[in-house]
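Survey of secondary and tertiary structure
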Amino acid sequence: MQKILFFLSLFISLSAQSQQITGTVSSADGQPMIFTTVSLINETSRKIIKADLTDSSGNYIFKNLSAGKYSISISATGYREATQTGLSVDSFPDFVRTVNIQLANTAKDLQGVVVTSRKKLIEIKPDMTIMNIENSIVATGNSAFDLLRKAPGVSIDAQENIKSKGQVVRIFIDDKPAYLSGEELRNYLKNLQADEISRIEIISNPGSRYPAEGTGGIINIVLKKNKRYGSNGNVSAGVGYGKYPKLNGSGSINYRNKKVNMFSSVGTGRYESYNRLLLNSDIGSGANKVIQERTNYWHPVTIYSNARFGIDYSVDSKSTLGFLARGTFSNEKAVTDNNSLFSDVQGQPLSQIYSTKKDKGNSSNFVFNLNYKRDIDSVGSSFNIDLDYGYYRNRGNDVNANHFYEKDVMIRPDYTFRSITPIDVNIYSLKADWVKHVDSTFSFETGFKLSLVKNDNELIADSIGANHQWTPDYGRTNHFIYDENIYAAYFTISKQFKKLSIKTGARAEYTRSTGNAITVGRVDERKYFNVFPSTFLNYTLNKNNTLNLSYTYRINRPAYQSLNPFVNFVDPFTYFQGNPFLKPSYAHAIELKHGFRDFLFTSIGYRYADDVSDNVILQNPDTKVSLSRTENVGTSRYWSFDVNAGMPITKWWSTDLSGGMGYGIDRSDYPSFSYLTKAWSAYFSAGNTFTLPKKIKLELQLYANAPTRSGIAKVAGVVNVSGGVQKPVLKEKGSLKLSVANFIGPTRYNALYRSDLLHIKWINEWEGKRVNLSFSYKFGNMNVKNSRQRRTASQEESNRVNL
């Protein structure tokens, strides 16, 4: 099949005609613009199909074009973007159209206030919402995890799962899987600094080309890339302080010409923080009720580093071969102090447990991608293939010492246990995509994907026995191996009418998995097949108004480790257990979006999910033990309404507003954990930018969440305000940024879990209030050229790896 596709694309490319568009680009004073980006856009597909770089005389040329209508877009630092539309190319041989363009300066002096073009903090597109992080001042010193807390329509629950419109999302890095999930994914996002991020894309309804994983859609974090010809680079350093100090630094060196694009970057930092968990729960009822008050203080110190290297080589004018490697490394030491106090209904102390847990761990992951892309013709037809390999390694070692008292008198010997957790995950994946434009109004796309995952997860446990020596604890020792193969194929067709465009398709996925709990001698095998349809309609009412209607059907597979049936002991009264019978969850989503003049967007949506999973808490009134286990509990329905607008207030003040509200109905039929929750939710954010004399820029951002309910939890609302200032230095090659994060409002999750059998008050507080100072300096050639974007073979597997 691959050979057939390759030779077909080669035949079509060789049959192309000799039509061309050429011209010269000059500045406002008539000087030739050298090394300037010129992009050729097909007006039917609205896609960039070619890009060229002007030579030493400012000339450019596009050859071997098919008949049709085109546009030319030209961008250069310090100049306004220029676009020439309606360029017709005839079908007769040796047709040449000459288009000369003169660029205008960007900046305009307005009585001491300099107004320049900028990207909005929040951009709304027909298929996604974009947070532009690269030039945001208030983002300085924040991590990717902090930024996601403030993303429109995104929420983070008590277990720090990232959700959109009430459902779990999948995280991508540069259109590639993060290759992490659970605690490791959270740690990676908390160590990924805003200075390394270009933008965050929130795709609530991905199409059939995307993997079906993620009932809440996809969040793609796009890192900064080399977009300039010649040699260039950037260095940055930052310091921050909340309750503890923080340091970070990064650098990049890149080289690019018409044939080769090489890019590399490194980053490192030291992050010290805390998390305080207050947990008050009632166990039992009546005279036998016991009240547990638990205070948990986690104090981690993490030293992290990351590195990326990539190269794209243009084999010829239509073929590109690329290689990408990415690695992350972290070493963490943490001390967790825990105090659990048990009292009777009158509040009289019964017993108390003091525990100290000392963790040492190191993790690393490597991702390698090999990519080949062939442009078949000048209207956007292409063939793309990706081969991926990912390896993940985690080594953890913790010692947990527990001391038992009753009225300050030791009531039982200390219990000290130790856990060693080696984890290795290997992921192999292959995918291919073929896009064919039959004519100017009709195209189709097809492709396939294969993924193979092997997750080897082991827990080696021992404890100090009566002889005061470490003794193997076979009751807690656990070895779990999980293998999963997914075979997928998709097909999409697109048709353009006068005012209406339609894109519809389906994705078929066959999953085969084996969970081998070696310690207990249990093997669970699964096989299931699903078809996931999707449809997108776009209608242009008039020049000011557009409508977009979308429908998707998606799946949320369990995290690998959540299928492990073994029990994990946190302390003598708190256990976590996996569930080998956990099933995937499925969701239908429909959304209608209206756009007015590209600045005001409104949308209404509905999402229904079944077999929804939840963290079920089961308490034993006799032993006072709490067991948490993920179960498929029931269904979820969610209606949403969102509004986004960006507008200038004055010549020096602009604002981006985003708000929404939703209504959800969550139902659980699980015994001892049943509920029917109906609740409203709402959010609002306002980003304000003030441009002052001497190119000083101020930003002020407000974010608010209204109180709501999630399952049996009643979650408190929150309001946060952040601000910052930026000043260019060193002839605008350097930049100083000072920001204050969350200087108004609490940074905590506050919820009350209540049912017939449960009453738990949960307060989770983190180090959100911080002052950050950063400096960055760029050097080398600043002529901009759009970098090649590509999507690798592995998309959804990464987010399910528990390391």
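See the structure above.
Residues numbered from 1 in each chain as written. Predicted model: local features only at pLDDT ≥ 70, side-chain atom pairs only at ≥ 80, totals over all residues. Heavy atoms only, no water.

**Description of the overall build of the protein chain**
The helix and strand tally for the protein chain stands at 3 helices and 49 strands. Going through the 803 residues of the protein chain one by one, you find that 53% of them count as buried. Pairs at least 24 residues apart make up 66% of the contacts formed inside the protein chain by residues separated by at least 6 positions. A total of about 35,700 Å² of accessible surface is found on the protein chain, and carbon and sulfur atoms cover 58% of it. (Helix = DSSP H or I, 4+ residues; strand = E, 2+ residues; numbered from the N terminus. Buried < 20%, exposed > 50% of the residue type's maximum accessible area, 1.4 Å probe, protein only. Contact = heavy atoms within 4.5 Å. Areas by Shrake-Rupley, 256 points an atom, 1.4 Å probe, with all protein chains shown as cover.)

**Some details on the nonpolar core**
Formed by 25 residues in total, the largest nonpolar core has its most connected members in I162, I171, L189, I197, I200, I219 and I221. Within the residue set of this core, elements represented by two or more residues are α2 (144-149), β13 (154-156), β16 (170-173), α3 (182-191), β18 (197-203) and β19 (218-223). Among the elements that make up this core, the one with the highest residue count is α2 (4 residues). Listed in part, the 21 residues of the second largest apolar core include I21, M33, I49 and V379. (Core = buried A, V, L, I, M, F, W, Y, C linked by side-chain atoms within 4.5 Å.)

**A closer look at the sheet that holds β13**
The 3 strands lie next to each other as β13-β14-β15, forming an open sheet whose pairing is antiparallel. Here the strands that pair on one side only, and so sit at the sheet edges, are β13 and β15 (167-168). Bridging between β13 and strand β14 (residues 162-164) involves 3 bridges; their strand directions are antiparallel. Bridged to S155 within β14 is K163. (Pairing = 2+ DSSP bridges.)

**A short note on unusual backbone geometry**
Phi at S672 is positive, roughly 70 degrees, even though this residue is not glycine. Mapped onto the secondary structure, S672 falls in the loop between β40 (653-668) and β41 (675-691). For K695, which is not glycine, the phi dihedral falls at a positive 60 degrees. Summarising the element assignment, K695 is placed in the loop between β41 and β42 (697-705). Owing to a relative accessible area of 38%, K695 belongs among the partly exposed residues under this scheme.

**Some details on the packing of aromatic side chains**
Going through the model one piece at a time under the given rule, you end up with 22 aromatic pairs. Relative to Y510, the ring of Y487 has its centre 6.2 Å away and its plane inclined at 25 degrees; by these criteria the two rings are stacked. Of the two residues, Y487 sits in strand β31 (residues 478-496) while Y510 sits in strand β32 (residues 500-517), which places them 23 residues apart along the sequence. Given a relative accessible area of 29%, Y487 falls into the partly exposed group. You can call Y510 partly exposed: its relative accessible area is 28%. With centroids separated by 5.1 Å and ring planes inclined at 45 degrees, the aromatic side chains of Y606 and W639 adopt a geometry described as tilted. You can see Y606 sitting in strand β38 (residues 600-619) and its partner W639 sitting in strand β39 (residues 626-648), a full 33 residues away along the chain. (Phe/Tyr/Trp six-rings, centres within 6.5 Å; stacked < 30°, edge-to-face > 60°.)

**Observations regarding the pattern of salt bridges**
Counted according to the given criterion, the structure contains 24 salt bridges. Linking E272 and R270 is a salt bridge whose minimum nitrogen-to-oxygen distance equals 3.2 Å. Using a relative accessible area of 11% as the deciding quantity, one classes E272 as buried. A salt bridge links R374 to D316; the nearest nitrogen and oxygen atoms lie 3.2 Å apart. Taken as a pair, R374 in strand β26 (residues 349-375) and D316 in the loop between β24 (290-314) and β25 (319-343) lie far apart in primary sequence, 58 residues in all. Salt bridges linked by common partners bring R170, E213, R507, E509 and R557 together as one network. (Salt bridge = Lys/Arg side-chain N within 4 Å of Asp/Glu carboxyl O.)

**As for the pairing of strand β48 (residues 759-766)**
Two strands pair when backbone bridges link them, and strand β23 (residues 275-283) and β48 are joined in this way by 7 bridges, in the antiparallel orientation. Across the sheet, L279 pairs through a bridge with W762, a residue of β48. Sheet analysis places strand β47 (residues 748-754) next to β48, joined by 7 bridges and oriented antiparallel. Considered in β48, the bridge of R754 is made with H759. Following β47, the chain reverses through 4 residues before pairing antiparallel with β48.

**Overview of the environment of S143**
Checked against the element boundaries, S143 lands in the loop between β12 (129-132) and α2. Once the C-alpha coordinates of S143 and L189 are considered, the two residues, 46 residues apart in sequence, prove to be 6.5 Å apart. Here S143 is in contact with L189, K190, L192 and Q193, once residues within four sequence places are set aside.

By themselves, these observations are geometric and do not establish any function.
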